[in-house]
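# Observations on the model geometry
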Amino acid sequence: MKKVMVILLMAMLCLSAWGQKIVLSGTVVNERNGNKISLAVVSVPHTNVTVVTNDDGFFTLKVDEAPHSIVVSHLGFESKEVPVPNTSTDGLEIRLKQTSIPLKEVVVWTENPRALVSLAIEKIPSNYSKTPMLYNCFYRETAMKRQHFIYVAEGVVDMYKTDYKKGNGRDRVAIMKGRRLLSPKQGDTLALKVMGGPVQPIELDIAKNREFLLNEAELSNYRFEMEAPDMINNRLQYVVSISPNKQLPYALYYGKLYIDHENLAFTRAELSLDMSDKYKATDLMLIRKPAGVSFKPKELSCLIEYRYEQGVTHISYIRNTFRFNCDWKRRLFSTSYAAFCEMVVTDKHSDNVQPISGRDSFDSRDSFYDKVDYKMKNEK
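What counts, and where the lines are drawn
- Residues numbered from 1 in each chain as written.
- Predicted model: local features only at pLDDT ≥ 70, side-chain atom pairs only at ≥ 80, totals over all residues.
- Heavy atoms only, no water.
- Helix = DSSP H or I, 4+ residues; strand = E, 2+ residues; numbered from the N terminus.
- Buried < 20%, exposed > 50% of the residue type's maximum accessible area, 1.4 Å probe, protein only.
- Contact = heavy atoms within 4.5 Å.
- Areas by Shrake-Rupley, 256 points an atom, 1.4 Å probe, with all protein chains shown as cover.
- Pairing = 2+ DSSP bridges.
- pLDDT = per-residue confidence, 0-100.
- Axes fitted to C-alpha atoms, helices over the stretch in contact; angles between N-to-C directions.
- Polar contact = N/O pair within 3.5 Å; in protein donor to acceptor, adjacent residues only side chain to side chain.
- Core = buried A, V, L, I, M, F, W, Y, C linked by side-chain atoms within 4.5 Å.
- Salt bridge = Lys/Arg side-chain N within 4 Å of Asp/Glu carboxyl O.
- Phe/Tyr/Trp six-rings, centres within 6.5 Å; stacked < 30°, edge-to-face > 60°.
- Lys NZ or Arg CZ within 6 Å of the ring centre and 35° of its normal.

## Considerations on the overall build of the protein
For the protein, the count of helices and strands is six helices and 19 strands. Within the protein, the fraction of its 380 residues that count as buried is 53%. In the protein, once contacts between residues fewer than 6 apart in sequence are set aside, the share between residues at least 24 apart is 66%. When the accessible area of the protein is evaluated, it comes to approximately 18500 Å², of which 49% is carbon and sulfur surface.

## Some remarks on the pairing of strand E15 (residues 253-260)
Regular strands place side chains that alternate from one sheet face to the opposite one. Of all eight residues making up E15, six are buried, and the element is well covered by its neighbours. Where strand E14 (residues 235-244) lies against E15, six bridges are found, and the strand directions are antiparallel. Within E15, the position partnered with Ile242 by the bridge is Gly255. In this sheet, strand E16 (residues 266-273) lies alongside E15 in antiparallel orientation, the contact comprising seven bridges. Residue pairing for E16: Gly255 is matched across the bridge by Leu271. Here E15 folds back onto E16, and the loop between the two strands holds five residues, one of which, Leu264, carries a positive phi near 60°.

## Let's talk about the confidence of the model for the protein
Scored by pLDDT, the protein comes out at a mean of 82, with 84% of its residues at no less than 70. Taken element by element, the predicted model of the protein shows its lowest mean pLDDT in strand E1 (residues 6-10) (50) and its highest in E15 (96).

## Comments concerning the sheet that holds strand E4 (residues 50-52)
Read across the open sheet, the four strands follow the order E4-E3-E6-E7; overall the sheet is antiparallel. This sheet does not close on itself; its edge strands, each paired only once, are E4 and strand E7 (80-83). Taking each pair of neighbouring strands and ignoring which way they run, the sheet shows an average axis angle of 25°. The pairing of strand E3 (residues 41-43) with strand E6 (residues 69-73) spans three bridges and is antiparallel. Among the inter-strand pairings, Ser43 is bridged to a residue of E6, identified as Val71.

## Section: helix H5 (residues 278-285)
In an α-helix there are 3.6 residues to a turn, and that puts residues three or four apart on one side. Taken as a whole, H5 has its buried residues at Lys280, Ala281, Thr282, Leu284 and Met285. Where H5 begins, the capping side chain belongs to Asp277, and its oxygen is found 3.0 Å from the backbone nitrogen of Tyr279.

## Some details on unusual backbone geometry
For Leu264, which is not glycine, the phi torsion reads 60° and is therefore positive. Looking at the secondary structure, you find Leu264 in the loop between E15 and E16. Although it is not a glycine, Asn352 sits at a positive phi angle of roughly 50°. Mapped onto the elements of the fold, Asn352 is located in the loop between strand E19 (335-349) and helix H6 (368-379).

## As for the nonpolar core
Ranked by size, the top nonpolar core spans 74 residues in total, and within it Val117, Phe266 and Ile304 carry the most contacts. Excluding anything up to four places from it in sequence, Val117 contacts Leu214, Leu219, Phe224, Val240, Leu257, Ile259 and Phe266. Counting 18 residues, the second largest nonpolar core, distinct from the first, contains Ala40, Leu61, Val82 and Ile94.

## Digging into the sheet that holds strand E2 (residues 22-30)
Each strand in a sheet pairs with its neighbour through backbone hydrogen bonds, running either in the same direction (parallel) or in the opposite one (antiparallel). One open sheet holds the three strands; their spatial order is E5-E2-E8, and the pairing between them is mixed. Each edge of the open sheet is held by one strand with a lone partner, namely strand E5 (58-63) and strand E8 (92-96). With direction set aside, neighbouring strand axes in the sheet form an average angle of 30°. Relative to E5, E2 runs antiparallel, the two being bridged by six bridges. Looking across to E5, one finds that Ile22 is bridged to Val63.

## Examining the pattern of salt bridges
Counted by the stated rule, this structure contains 19 salt bridges. Its salt-bridge partner being Glu270, residue Arg268 comes within 2.8 Å of it at the nearest N-O pair. A relative accessible area of 6% means that Arg268 is categorised as buried. With a closest N to O distance of 2.4 Å, Arg268 and Glu305 form a salt bridge. Of this pair, Arg268 sits in strand E16 while Glu305 sits in strand E17 (residues 293-309); the two residues are 37 residues apart in sequence, bridging distant segments of the chain. Summarising the burial analysis for this pair, Arg268 and Glu305 share the class buried.

## Description of the packing of aromatic side chains
The full count for this structure, using the stated rule, is six aromatic pairs. Note on Tyr128 and Tyr164: the rings are 5.1 Å apart at their centroids and 20° apart in plane angle, and the pair reads as stacked. Of this pair, Tyr128 sits in the loop between helix H2 (124-127) and strand E9 (133-145) while Tyr164 sits in the loop between strand E10 (148-161) and strand E11 (172-182), and the two are 36 residues apart along the sequence. A relative accessible area of 1% places Tyr128 in the buried class. Members of the aromatic cluster, connected to one another through ring pairs, are Tyr128, Tyr164 and Tyr306. We note Lys208 situated over the ring of Tyr164; from NZ or CZ to the ring centre the distance is 5.7 Å.

## Overview of the pairing of E2
In terms of burial, E2 is largely enclosed, as seven of its nine residues are buried. Bridge count between E2 and E8: five bridges; the pairing is parallel. Each bridged residue has a counterpart across the sheet, and for Asn30 the counterpart in E8 is Leu96.

Structural data, given as structure tokens:
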């Protein structure tokens, strides 16, 4: 399997600043038991503003003016439009109701989930875009040392994709604008750089980049099991779990594939790298590190989401999570680090779409952190 997600450890650089906006924040919880809901999608109606809740169910929206309402949705829950009070734009608590699922409709595939996945692969050309598309996206990546931020970088990018009958060789991403905020703490001598972060919706688009997962050679390395069905955007989904069934020279993934019950389109993929062999996991995650540091991988996971609109399924969201420890010589305890990157599609176009030139495109070997700094210098 190709290296599509890697991180780089190197020295810290300088400090920049954030712009000023109205901040709307809150927490999304399960109505039944009060549990926090992570990865819930929070958006402002009729705008391109969209964010996702963190592991504690918390979200922060930055807008030019306070909206009248926000829409919150999550896998297995009913979507909810919530009015925003005039008196306060922070501390909102939004309760989502779990959806009921008609189990009798999905038992037909219980004995052969592998055949269901194969059929969904066959239907990719008819389920996804048949014309080139240009997607406008918001991208953000963060790096943390223990519980505080080392840096946050975010920006607006354009993503060009050819139709889904073709491969991803001409698919490209271009940075339109971006900014970064660095930690002022003197102790942050180690920075994390996510290589190729904005390119991940190209590399990890399982429906288009078959080399990553959905090809016969790669799928033969996994076992398949049918899980309980679920709901995404009020549409019933088959859920197929995958797990490694053999040992290979590279690490495989554990995960779940969500397949639309009606049209058999892949709508969501949750993947987590097998960490049982630390050397294989390190080989996939790490480019290089400072001398005198021992790298111990803890997690590499990704979430790929698609959205069904007007008869076509489009990629809509990508999130990657990296967690690891670093042991330094002459230090008693190891230090935990984490890096997160996510991209949300905010708009899309199909009329008179032109490819992104190679000169303007972002490369999988590039760091968004570095490119933002370079772009800012040239814009001054």
